[in-house]
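# Architecture at a glance
If you want the building blocks of each chain, they are given just below.
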Amino acid sequence: GAPPPAPPPTQVTTAVPLQRNIVDWDEYIGRFEAIQDVEIRPRVSGAIDRVLFADGQYVGKGQALFTIDPRPYRATLAQAQAQLAKAQASRANADTELARAKKLLESQAISKEEYETKLAASRTAGADIEAARASVNMAALNLGFTTVRSPIAGRISDRRVSRGNLVSEGTTVLTRIVSTDPIWFSFDGAESFYLKYLRQDKAGTRGSSRNTPNPVEIQLADESGYRWHGRMEFVDNA
């Protein structure tokens, strides 16, 4: 009989190999945190005289926030300035006495002991001036502290005290301020990811985020894409 027909040729599908770089991303859930978070406390005690901000507003660095009744501190400064003037007058008188004693000593009209007494009085008067000047500086510093200013720029919270409230130096919390730009995004990573990063760092394929600004892409809860871009800034020791 006739030989069987040859089988039809086998269909083969070919494709060009696809070659591209793949970026491996790991996902975390985190939270935004202010880089600077400051509780405002007074540096002198007294009664709140004025509140100079609206709750929740943005404040600039150095902006006045509260004033504490400055009258007692003005009085203390005036008293210190008077003591300084008195010390300066005493020094001038002591120097005059010392100059007179020096001439008398040269003519042997007084003893060396009397001259040394005048010299000691002049030196004591000079020390009194330095002490009085330090008191003036401290009093002026405390008077300046009666205006409470913001140490940073940022969003302020509500006032925790009102006009007339007595506040204590370094104790009473007046309000709180947080910085808003730039801002941290903080997250915790799994141990398996941490080990992977260690291996990659040792292999030289990805630098450790402790000293490499590896990129971070952030998606907010109501967004569909990663439109916020940042970089690793800090890895905790724990």
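Residues numbered from 1 in each chain as written. Predicted model: local features only at pLDDT ≥ 70, side-chain atom pairs only at ≥ 80, totals over all residues. Heavy atoms only, no water.

## A closer look at the nonpolar core
- By size, the foremost hydrophobic cluster in this structure holds 17 residues, and its most contacted members are Ile48, Leu65, Phe66, Leu174 and Ile177.
- Among the elements that line this core, the one with the most residues is strand E5 (residues 64–68), at three residues.
- Apart from residues lying up to four places away in sequence, Ile177 is in contact with Gln36, Asp37, Val38, Ile40, Val59, Leu65, Ser150, Ile152, Gly154, Arg155 and Ile156.
- Core analysis: the second largest hydrophobic core is formed by eight residues, Ala80, Leu84, Ala87 and Val136 among them. (Core = buried A, V, L, I, M, F, W, Y, C linked by side-chain atoms within 4.5 Å. Buried < 20%, exposed > 50% of the residue type's maximum accessible area, 1.4 Å probe, protein only. Helix = DSSP H or I, 4+ residues; strand = E, 2+ residues; numbered from the N terminus. Contact = heavy atoms within 4.5 Å.)

## With respect to the pattern of salt bridges
- Evaluation of the coordinates by the stated rule reveals 14 salt bridges.
- A salt bridge links Glu33 to Arg31, with the shortest nitrogen-to-oxygen separation between them at 2.9 Å.
- For Arg31, a relative accessible area of 44% corresponds to the partly exposed category.
- Taking the shortest distance from any N to any O, the salt bridge between Asp55 and Arg159 comes out at 3.1 Å. You can see Asp55 sitting in the loop between strand E3 (46–51) and strand E4 (58–59) and its partner Arg159 sitting in the loop between strand E7 (154–156) and strand E8 (166–167), a full 104 residues away along the chain.
- Taken together, the shared-partner salt bridges in this structure form one network comprising Glu97, Arg100 and Lys118. (Salt bridge = Lys/Arg side-chain N within 4 Å of Asp/Glu carboxyl O.)

## With respect to the sheet that holds E5
- The antiparallel open sheet is built from four strands, whose spatial order is E6-E5-E3-E8. Bordering the open sheet on either side are strand E6 (147–149) and E8, each of which pairs with just one other strand.
- Taken together, the two bridges between E3 and E8 define a ladder with antiparallel strand orientation. Across the sheet, the residue bridging to Gly46 is Val167, located in E8. (Pairing = 2+ DSSP bridges.)

## Details of the sheet that holds strand E9 (residues 175–178)
- As summarised here, the arrangement of the four strands in space is E2-E9-E7-E4, forming an open sheet in which the pairing is antiparallel. Edge positions in the open sheet fall to strand E2 (37–40) and E4, since each of these has one partner strand only.

## Some thoughts on helix H2 (residues 112–144)
- With 33 residues, H2 should reach 48 Å at 1.5 Å per residue; the first-to-last C-alpha distance of 48 Å fits that figure.
- Turning to H2, its buried residues are Tyr115, Ser122, Ala125, Gly126, Ile129, Ala132, Val136 and Ala139. (Expected span 1.5 Å × (residues − 1).)

## A word on the environment of Ser208
- For Ser208, the location among the structural elements is in the loop between helix H3 (191–203) and strand E11 (215–218).
- Its relative accessible area of 18% is what places Ser208 among the buried residues.
- Discounting chain neighbours no more than four positions away, the residues touching Ser208 are Asp201 and Asn214.

## Let's talk about the packing of helix H1 (residues 71–106) against H2
- Contact geometry of H1 with H2 gives a least axis separation of 8 Å together with a crossing angle of 160°. One finds that H1 runs roughly antiparallel with respect to H2. For the pair H1 and H2, the crossing hand works out as left-handed.
- Residues that form the contact of H1 with H2 fall into these classes: 19 nonpolar, nine polar and nine charged. (Axes fitted to C-alpha atoms, helices over the stretch in contact; angles between N-to-C directions. Parallel < 35°, antiparallel > 145°, perpendicular 65-115°, else oblique. Left-handed = near helix turned anticlockwise from the far one by under 90°. Nonpolar A, V, L, I, M, F, W, Y, C, P; charged D, E, K, R; others polar.)

## Looking at the pairing of E3
- The pairing of E3 with E5 spans three bridges and is classified as antiparallel. Among the inter-strand pairings, Ile48 is bridged to a residue of E5, identified as Ile68.

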